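# Survey of secondary and tertiary structure
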Amino acid sequence: MADTNDIIHLLRRTEFVARASRVAALQPMTLEQAVEDVLDFSRNTTSPPAWMTVLQQDRYGQLVAMHNWWLDTMATAARPFQEKLTLFWHGHFVSDYGAMERPDFTLQQIGLYRRMAVGNFRAFTQAMSIEPVMLAYLSNDKNMKGNPNENFARELMELFTLGVGNYSQSDVVAAARAWTGHTLDFETKTYRFDATQHDTGNKTFFGTTKNWDGPEIIDEILRDNKPKQAIAARFMARKLWEFLAYPDPEQAIIDELATGFVATDLEIRPLVKAILLRPEFYSTKAKQGLVRSPVEWSVALLAHTGFTAARAGIMDRGLDMGQRLFNPPNVAGWKSNGYYLTTGMLSARAKLAQQVANELLFSGGFGYLETMSPALAVDNVAAFFGVVLAPTSRSAIIDSFSSDLAAVGWNKRLAVGNLLITMMLTGEMNVP
Amino acid sequence: MRHESDLETEDMVAALSQPDPDLERPGPNGWTRRKFLTAVGAGAIGAVASTELFGGVPSAWAAPLTTSEGIIVTVTMYGGYDGLNVVVPYTNSTYYGRRPGLAIAPEQVLQINNAIGWAPQLTTLKSLYDSGQVAVVQGVGYANPNLSHFDSMKIWMRGSIGNPLQESGWLGRWLDGLSATSADLAAAGLNTLLPMHLVGANRKGVTIPIDGNNFGASSVPADLRLYDGIKRLAANAGRGGWHDAFTATMKSQLEVASLVAPTFTGAAAPAGDELTRQLTVAARLINANLGLRVIDVSTSGLDHHVNQAPGLTAKLTDLDRGLAAFFAELAPGRRPQVTVVVLTEFGRTIGVNGSLGTDHGTTNPMFLIGSKVNGGLYGSMPSLTTLDSHGRQLAQVDFRSIYGSILDGWMGGGGSTVLGGSFEDLRLFSGPPGPGTTPTPTTPTTTAP
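Description of the structure in this document.

### Thoughts on the overall build of chain B
Summing up its helical and strand segments, chain B has 14 helices and 12 strands in all. Every one of the 449 residues in chain B was classed for burial, and the buried ones make up 61%. Counting contacts in chain B only where the partners sit at least 6 residues apart, residues at least 24 apart contribute 74% of the total. Accessible surface, chain B: about 15300 Å² in total, of which carbon and sulfur atoms supply 53%.

### Focus: the side chain of Ser95(A)
Residues and elements named next belong to chain A. Counting through the fold element by element, Ser95 comes out in the loop between α5 (81-90) and α6 (103-115). Engagement of the side chain of Ser95 in a polar contact is seen with the side chain of Gln109, the distance being 2.9 Å. Each residue touching Ser95, except ones within four places of it in the same chain, is listed here: His90, Gln109, Val133, Met134, Tyr137 and Pro328.

### Things to note about the interface of chain B and chain A
With 47 residues of chain B at the interface, the matching set in chain A holds 57 residues. Interface area for chain B against chain A, summed over the two sides, is near 4700 Å², with a carbon-plus-sulfur share of 60%. Ranking the residues of chain B by area buried against chain A places Arg239(B), Trp242(B) and Phe246(B) at the top, with a combined share of 16%. The tally of links from chain B across to chain A stands at two salt bridges. Arg232(B) serves as the salt-bridge partner of Asp399(A), at 2.9 Å between the closest nitrogen and oxygen. Viewed at the interface, chain A and chain B are joined by 12 residue pairs in polar contact (both at pLDDT 80 or more). Listed by contribution, the elements that provide at least two residues to the side of chain B that touches chain A are α1 (9-15), α2 (21-24), β7 (206-207), α9 (221-231) and α10 (241-264) of chain B. Looking at the side of chain B that touches chain A, the element that brings in the most residues is α10(B), giving nine residues. In terms of residue class, the side of chain B that touches chain A is built from 19 nonpolar, 16 polar and 12 charged.

### Structural notes on the environment of Asn149(A)
Residue and element names in this part refer to chain A. Summarising the element assignment, Asn149 is placed in the loop between α8 (132-137) and α9 (151-161). Each C-alpha atom of the pair Asn149 and Ser139 lies 7.1 Å from the other, and the pair is 10 residues apart in sequence. There is a polar contact of 2.9 Å between the side chain of Asn149 and the backbone nitrogen of Asn151.

### Remarks on helix α16 (residues 294-305) of chain A
Residue and element names in this part refer to chain A. An ideal rise of 1.5 Å per residue puts 16 Å on 12 residues; α16 measures up with 16 Å between its terminal C-alpha atoms. With 11 of 12 residues buried, α16 lies mostly within the body of the structure. When α16 is considered as a whole, its buried residues turn out to be Pro294, Val295, Glu296, Trp297, Ser298, Val299, Ala300, Leu301, Leu302, His304 and Thr305.

### Some remarks on the packing of helix α22 (residues 412-424) of chain A against α9(B)
Close contact between α22(A) and α9(B) brings their axes to 10 Å; oriented N to C, the two are set at 35 degrees. The element α22(A) and its partner α9(B) pack so that their crossing is right-handed. In contact with Leu414(A), Asn418(A), Ile421(A) and Thr422(A) of α22(A), α9(B) contributes Ala222(B), Leu226(B) and Ile230(B). Residues belonging to the contact of α22(A) with α9(B) are distributed by class as follows: five nonpolar, two polar and no charged.

### Digging into the nonpolar core
Ranked by size, the top nonpolar core spans 155 residues in total, and within it Trp89(A), Phe160(A), Phe385(A), Leu420(A) and Met423(A) carry the most contacts. Of all hydrophobic cores here, the second largest spans 106 residues; its members include Met77(B), Phe367(B), Ile402(B) and Leu419(B).

### Re the side chain of Arg292(A)
All names here are of chain A. Within the secondary structure layout, Arg292 lies in the loop between α15 (284-287) and α16. For Arg292, the side chain forms a polar contact with the main-chain oxygen of Phe16, separated by 3.0 Å. If we ignore the near neighbours within four places in the chain, the residues touching Arg292 are Arg12, Phe16, Val17, Trp297, Ala300, Arg349, Met429, Asn430 and Pro432.

### Regarding the pattern of salt bridges
Residue and element names in this part refer to chain A. Following the criterion strictly, the structure yields 33 salt bridges over all chains and no others. Asp219 is the salt-bridge partner of Arg122, the closest N and O atoms lying 4.0 Å from each other. Here Arg122, found in helix α7 (residues 121-129), pairs with Asp219, found in helix α11 (residues 214-224); they are 97 residues apart in sequence, far enough to count as distant. Judged by relative accessible area, which is 11%, Arg122 ranks as buried. Taking the shortest distance from any N to any O, the salt bridge between Lys142 and Asp141 comes out at 3.9 Å. Through salt bridges with shared partners, a single network forms among Glu15, Arg19, Arg22, Asp37 and Arg79.

### A short note on the environment of Phe193(A)
Residue and element names in this part refer to chain A. With respect to the secondary-structure elements, Phe193 resides in strand β2 (residues 191-193). Separated by 12 residues in the primary sequence, Phe193 and Gly181 place their C-alpha atoms 5.6 Å from one another. Setting aside chain neighbours within four positions, we find Phe193 in contact with Thr180, Gly181, His182, His198 and Asp213.

### Some remarks on the packing of aromatic side chains
Tallied over the entire structure, the rule returns 35 aromatic pairs over all chains. Taking 4.9 Å as the distance between ring centres and 80 degrees as the angle between the ring planes, the aromatic pair formed by Phe88(A) and Trp89(A) counts as edge-to-face. The burial state of Phe88(A) is the same as that of Trp89(A); both residues are buried. A centroid spacing of 5.1 Å and a plane angle of 85 degrees characterise the contact between Phe326(B) and Phe327(B), whose relative ring orientation is edge-to-face. Judged by relative accessible area, Phe327(B) falls into the buried class, the value being 10%. These aromatic residues form a ring-pair network of at least three members: Phe88(A), Trp89(A), Phe93(A), Tyr113(A), Phe121(A), Phe124(A), Phe160(A), Phe243(A) and Phe261(A). The cationic tip of Lys189(A) hangs over the ring face of Phe186(A); the distance from NZ or CZ to the ring centre is 5.0 Å. Of note, Lys228(A) hangs over the ring of Phe206(A), and the distance from its end group to the ring centre comes to 4.3 Å.

### A short note on empty space enclosed by the protein
All names here are of chain B. Counted by the stated rule, this structure contains nine cavities of 30 Å³ or more. As for the second largest cavity, its lining consists of 14 residues, of which Gly83, Leu84, Thr363, Pro365 and Gln393 are closest to the centre. Elements that contribute at least two residues to the lining of the second largest cavity include exactly β5 (134-141) and β10 (364-369). Taken together, the residues of the lining of the second largest cavity break down into five nonpolar, six polar and three charged.

About the thresholds
Residues numbered from 1 in each chain as written. Chains lettered and ligands numbered in written order. Predicted model: local features only at pLDDT ≥ 70, side-chain atom pairs only at ≥ 80, totals over all residues. Heavy atoms only, no water. Helix = DSSP H or I, 4+ residues; strand = E, 2+ residues; numbered from the N terminus. Buried < 20%, exposed > 50% of the residue type's maximum accessible area, 1.4 Å probe, protein only. Contact = heavy atoms within 4.5 Å. Areas by Shrake-Rupley, 256 points an atom, 1.4 Å probe, with all protein chains shown as cover. Polar contact = N/O pair within 3.5 Å; in protein donor to acceptor, adjacent residues only side chain to side chain. Buried area = accessible area lost by both parts, 1.4 Å probe. Salt bridge = Lys/Arg side-chain N within 4 Å of Asp/Glu carboxyl O. Nonpolar A, V, L, I, M, F, W, Y, C, P; charged D, E, K, R; others polar. Expected span 1.5 Å × (residues − 1). Axes fitted to C-alpha atoms, helices over the stretch in contact; angles between N-to-C directions. Left-handed = near helix turned anticlockwise from the far one by under 90°. Core = buried A, V, L, I, M, F, W, Y, C linked by side-chain atoms within 4.5 Å. Phe/Tyr/Trp six-rings, centres within 6.5 Å; stacked < 30°, edge-to-face > 60°. Lys NZ or Arg CZ within 6 Å of the ring centre and 35° of its normal. 1 Å grid on protein atoms, 1.4 Å probe; cavity = no way out; pocket = protein on both sides within 12 Å on 5 of 7 lines; lining within 4 Å. Points joined across faces, edges and corners; volume = space filled by probe spheres on them.

Written as structure tokens, this is what we have:
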């Protein structure tokens, strides 16, 4: 039987929160069985409603609905890890709703990311490169013979596969030429290969000269060129580790994970499983190592309160908190930890916490807290939010709540409201 | 053939709005008290033991300025505005020859001299210039420019070229060098994302939402108790450095909010475009004398690869209105210690491209505005015919000279430390910040291009 604290940590990092039912289900298992269980995406049976997959007249309304549907799914899916990984890929193979303002195409792209979240990385890279929103976002739809646009070619290597310093400017130029002609149909805006705009001349890419075509570039990076494939494997292993465990991992961990990744010909599922089974994943450094991003923190609130994203008003706060779905800040995606720790962004989190607290009180809950002992009340609210308070935090909050109760007189709801808000803004809730 | 990435500048701005993650990692034993607290802009509190953090706002938080401490407002225009259509060479045949459909007609230009003039939208800037309060530094860039837009932005915000150690911004490093008490609330950005130039190695600026709708701004007793309760949690909880960094930032947020709240309550909501609203709030924050010495406002969308004219016209209108609003709002008593600095990345191409836009270039004019600015033209407009190997203009003034001249001439010094070297003193100021006798300004050279 795996250690309960490790199970809770595993669930927090994969399913956003450690639901009691999930802890109970995983507790009798070995760690490996538990990891297999969180990866059992066959349990996820919901999909977006049919209307949402088709372009609607009210595009922004559709976008809002998509945003809320996805957050709700993160909070309520049988195996939310699939959604968390989809979020990772959304922030890795980045594009932005604003590139085309086509909610249907955006949903289609996210659907690809969900389907391939633990699939083959090379197949995934091929597929994502011809998604309409990607072609538009990185301007490959304007990449034409005689007037090449390097945007996509550069980001393909710099941000999507290899990282800076592992290719040259002339490789970017060659890759851009190879990707000419892969564009959007003028009418339908779906992917179209326009041979008349494709540069069929010889290009020299990673030292090989031939008439390279776009998809062949991806194969060259991720299959046929062993040194580059190894670099890509380390690049992706590192990114996934930093997303799931902690930033700036030890090189030895990454090297081992990358070796395994190459050995499976870049299958993502075994890589993720290997990450979740490493002892370092269960270290104190890992358990204390990640600040919940705004989406992760919001989903935790939804999961614990049972509110929908619409009711909690998440979308209106997203940009101010520093993260809104479908709107990454740039093609490098969202950063982590310190990136979210600015006064302005935390003001936005706090205002969302106020909103959620108001909703909780409005729905008539927590009245019973008013008559409990302060210590019991605090423990109750902490448990409600899945928070395990450090002793110093706990005694400080009990003390504040007691003084607050004394000061408010008859209107104890004010004190309860403050306690709810405070709990959502603890270090334990934001760095669980 | 484009050499540079065609990324939207907003994207790059955000990419450069925080240091890379590996600067943020806690040490093996967790962060030292001073390091994590100063890293979230809590300044002086870093010098104080954690047990003293409880119970009350440390008086060090509000450190009003004397009238002789220099203040800058950086107006950061992301994307690289098209300088040739801002300071226009209206008698230059190459300019007209290479920009059919985009060049500004000579009769529309607001003349500076018989060779250059302002874009027609810049009436406020012209009138400030005519009263000697604007320094136009021409041909700003650096030698052997990097053609990657992304890399150029990094260089510009960091104030260093190719130095791998300088993963921080120039004003952030200035902030690092302040004494602990002066660092409190010394630098603020008025946008959601804190820009790289306000991030130092140990300190970073705060961000203040300009709608005034900050958490922590209420003075209702129940809310004050809430805030106190949250602030009490900023202590070593024994759960590692990130936990403590979070609670310390929440505490900073509350303290900044209560400090700036009076600036917003009762005041009319700032009106106009985004830049004008930010500049209005910046002036109010300066008037409130909270200790702020650097305020950054910004706008993006200057990266006009396609159909430049309407976009640039709109942005220049916003800039001009914003400057008018700023100086109208700024208390007269503060004027002698305030300089506005308009910054952007390095320029655009001389010729118009196939989409009635311009692509990334190498040099631009930048502006300093204030009553203590040594007004006039600095440097000369780079030639439109003698060009570098990529067909772009040759920079005349290293951008670090501007930073150094500001740091040493206006912000109390530290230029060579911040910039990792000495750069030309451009003598941009007619005297130190504050009232007091102004020596006769020397007239800088006004060379026609």
